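Observations on the model geometry
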Amino acid sequence: MKKKILTTLMLSTVILSSGTSLGAVKADSTDDQIAKQDAAIRAAKSSSAEAQAQVEAIQAQVGSLQAKKTATANEVNKLMKEQKEQSAQIASLHKDIKNRSTALEAQARSAQTSGSATNYISALLDSKSLADAIQKMTAMATVSGANKAMIEKQQEDEKAIQRKLKDNEAKYAKATQLQQELEAQSKELASQEAALKVAQLNYQETIATSESKKQSLIDQKAAAVAAQEAAAKQAAEVAAQQAKAEKAAQVAQKTQAEQAVDTEKAAPASSSTETVPVVTAPVPDNSTSSSSSSSVANSNSGSSNSTAGGGTSSTPGSSLSNPYPWGQCTWGVWEYFGGKIPTYAGNAGDWAVYANSGPAVGTIAVFPPGNQGAGGVGHVAVVTAVNGNKLTVSETNFSGPNGGGLGIRTTREVSAAGVSFIRP
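Description of the structure in this document. (Residues numbered from 1 in each chain as written. Predicted model: local features only at pLDDT ≥ 70, side-chain atom pairs only at ≥ 80, totals over all residues. Heavy atoms only, no water.)

This next bit is on the overall build of the chain. When you go through the chain residue by residue, the secondary structure sums to five helices and five strands. Listed by position from the N terminus, the elements making up the chain come as α-α-α-α-α-β-β-β-β-β. Counting only carbon and sulfur atoms, one obtains 56% of the accessible surface of the chain, whose full area is about 24,800 Å². (Helix = DSSP H or I, 4+ residues; strand = E, 2+ residues; numbered from the N terminus. Areas by Shrake-Rupley, 256 points an atom, 1.4 Å probe, with all protein chains shown as cover.)

What follows deals with the side chain of Asn-168. For Asn-168, the location among the structural elements is in helix 3 (residues 130-266). Using a relative accessible area of 5% as the deciding quantity, one classes Asn-168 as buried. A polar atom in the side chain of Asn-168 sits 2.6 Å from the side chain of Gln-86. Setting aside chain neighbours within four positions, we find Asn-168 in contact with Glu-82, Gln-83 and Gln-86. (Buried < 20%, exposed > 50% of the residue type's maximum accessible area, 1.4 Å probe, protein only. Polar contact = N/O pair within 3.5 Å; in protein donor to acceptor, adjacent residues only side chain to side chain. Contact = heavy atoms within 4.5 Å.)

Attention now goes to helix 5 (residues 329-336). Judged by how many residues are buried, helix 5 sits mostly within the fold: six of eight residues are covered. Buried within helix 5 are the following residues: Cys-329, Thr-330, Trp-331, Gly-332, Val-333 and Trp-334. Its buried side turned inward, helix 5 meets strand 1 (364-367), strand 2 (379-387), strand 3 (390-396) and strand 4 (409-415). Positioned one or two residues after helix 5, Gly-338 has a phi angle of 65°, which is positive.

Before going further, it helps to examine the sheet that holds strand 4. Ordered in space as 4-3-2-1-5, the five strands form an open sheet in which the pairing is antiparallel. For this open sheet the edge positions go to strand 4 and strand 5 (420-422), each flanked by a neighbour on one side alone. Going from strand to strand, the sheet's axes swing by 40° on average, the running direction of each strand aside. As defined by bridge partners, strand 1 adjoins strand 5 across three bridges and the pair is classed as antiparallel. Bridging across to strand 5, Val-366 finds its partner in Ser-420. The sheet strands contacting helix 5 are strand 1, strand 2, strand 3 and strand 4, and the helix crosses strand 2 at an angle near 50°. (Pairing = 2+ DSSP bridges. Axes fitted to C-alpha atoms, helices over the stretch in contact; angles between N-to-C directions.)

Here the focus is the packing of aromatic side chains. With the rule as written, the count across this model stands at five aromatic pairs. Between the aromatic rings of Trp-326 and Trp-331, the centroid separation amounts to 5.6 Å while the plane-to-plane angle is 55°, which identifies the pairing as tilted. Ring geometry for Tyr-344 against Tyr-354: centres 4.9 Å apart, planes inclined by 55°, an arrangement best described as tilted. Of this pair, Tyr-344 sits in the loop between helix 5 and strand 1 while Tyr-354 is found in the loop between helix 5 and strand 1, placing the two residues 10 residues apart along the sequence. In textbook terms, an aromatic cluster arises when at least three aromatic residues are bridged by ring pairs, as seen for Tyr-324, Tyr-344, Trp-351 and Tyr-354. Over the face of the ring belonging to Phe-367 we find Arg-412, whose NZ or CZ atom lies 5.7 Å from the ring centre. One Lys or Arg, Arg-412, reaches over the ring of Phe-398 and ends 3.6 Å from the middle of that ring. (Phe/Tyr/Trp six-rings, centres within 6.5 Å; stacked < 30°, edge-to-face > 60°. Lys NZ or Arg CZ within 6 Å of the ring centre and 35° of its normal.)

What follows concerns the pairing of strand 2. Note: strand 1 against strand 2, four bridges, orientation antiparallel. Among the inter-strand pairings, Val-366 is bridged to a residue of strand 2, identified as Val-380. Across five bridges, the pairing between strand 2 and strand 3 is antiparallel. Residue Val-383 lies in a different strand from strand 3, and its bridge partner there is Val-393.

What follows is about the environment of Pro-342. Looking at the element boundaries, Pro-342 is found in the loop between helix 5 and strand 1. Note on Pro-342: relative accessible area 23%, which makes it partly exposed. For the pair Pro-342 and Ser-318, spaced 24 residues apart in sequence, the C-alpha to C-alpha distance is 4.7 Å.

Counted by the stated rule, this structure contains nine salt bridges. Between Glu-183 and Lys-69 there is a salt bridge, and its shortest N-O distance comes to 2.2 Å. With a gap of 114 residues between them, Glu-183 in helix 3 and Lys-69 in helix 1 (residues 2-114) connect regions that are remote in the sequence. Assessed through its relative accessible area of 31%, Glu-183 is described here as partly exposed. The exposure class of Lys-69 is partly exposed, given its relative accessible area of 25%. Among the ionic contacts, a cluster of salt bridges with common partners joins Glu-82, Asp-167 and Lys-171. (Salt bridge = Lys/Arg side-chain N within 4 Å of Asp/Glu carboxyl O.)

With that settled, the discussion passes to the environment of Tyr-354. The exposure class of Tyr-354 is buried, given its relative accessible area of 6%. A sequence separation of 70 residues divides Tyr-354 from Pro-424, and the C-alpha atoms of the two residues are 9.3 Å apart.

Once that is clear, we can look at the nonpolar core. Within the largest apolar cluster, 18 residues are counted, with the highest numbers of intra-cluster contacts made by Val-333, Tyr-344, Trp-351, Ile-364, Val-380 and Ile-422. At the level of elements, helix 5, strand 1 and strand 2 are the ones that each hand at least two residues to this core. The biggest single contributor to this core is helix 5, with four residues. Those residues in contact with Val-333, other than ones at most four positions away along the chain, are Ile-341, Trp-351, Ile-364, Val-380, Ala-381 and Val-382. (Core = buried A, V, L, I, M, F, W, Y, C linked by side-chain atoms within 4.5 Å.)

Following this line, the structure appears as structure tokens:
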């Protein structure tokens with residue numbers, strides 16, 4: 001028994017230690033992946049910040065161009081106003097030129113008709129005195145000078161008109177070109193700004209994705225840590241269960257020894273009648289197919305079968321305390337009935353020799369080795385419901401879809417095929 005317990009403890013320790021190592025490796029791997037996601041997030045945030053800085057720089061340039069564009073528009077409006085004023089001045093100059101041209105043409109016709117020399121001679125002859133002649137000559141010279149000045153003014157105004165027209169055209173063309181350049185630059189900057197905003201949104205999406213992956217990894221790490229803690233807790237529980245099983249085995253051995261002494265004292269000394277010994281510490285089944293428990297069970301089954309095999313009495317003994325190893329299926333059946341059943345000898349599969357009933361609620365179902373998950377030494381359970389060939393059983397130390405293990409009671413549905421039944 002002690003060898004069995006030590007072997008089981010060693011096996012449990014190895015399995016749990018392996019699980020702990022795997023959990024630690026998984027946690028370490030998750031930490032590495034979280035660190036990678038953190039690096040990706042930092043890189044994306046850095047790139048996003050750079051993109052934002054570029055966007056702000058371009059926005060500043062766009063603002064500067066908009067201000068320049070406004071100033072240029074004001075300049076164009078001013079030029080257009082000046083051009084309009086100059087156009088009015090040009091129209092006035094044209095009118096003055098036209099009037100002066102008319103006067104000059106009249107004087108020219110008069111000069112052609114009378115001739116300048118005749119006019120001067122007539123003026124001298126018609127003069128009453130020298131002073132009158134000088135005045136007339138001066139007047140005529142003044143008129144002639146005025147005509148000359150008028151002609152020069154005409155020419156100057158014509159040139160001024162041409163200069164103003166060219167200046168207006170140059171300013172208007174310059175303003176128009178500047179406007180077109182500003183429009184083109186504004187469109188280019190707007191395109192760059194849009195592209196940078198798209199890049200920034202991509203960075204933000206990358207950040208969000210990386211953070212989501214990081215959270216998922218954190219959750220996985222938490223689950224791995226929880227599994228590691230659960231494994232450690234399970235190891236502690238197994239150790240406690242094994243200690244309890246060892247203590248129960250010691251009590252069972254002590255009880256068996258005391259009952260053997262009592263039996264010897266009660267037997268008549270001269271009686272030659274052969275008595276059937278009562279086996280009160282049968283070896284349990286191995287419903288979980290554990291290699292350590294199976295080997296021990298098979299090693300002990302020889303002594304049990306020596307009394308419960310061929311020629312064994314079908315009337316078992318009884319016990320005031322659970323005589324079976326703690327947590328096993330045989331222990332669970334005894335506990336289910338509160339000890340109000342006989343002490344059946346042998347492995348769980350050996351209980352088939354006590355079969356005395358068909359499938360019914362309250363009977364003990366005996367599964368031979370290999371039947372519906374039974375281990376190499378068989379399995380026993382209590383029938384709690386019957387539905388045709390289907391049974392619902394209550395059992396311990398059976399690992400299946402509903403869990404189970406040493407000392408853990410579970411239920412499941414089974415078939416009655418190949419199963420024996422005992423009515424206690």
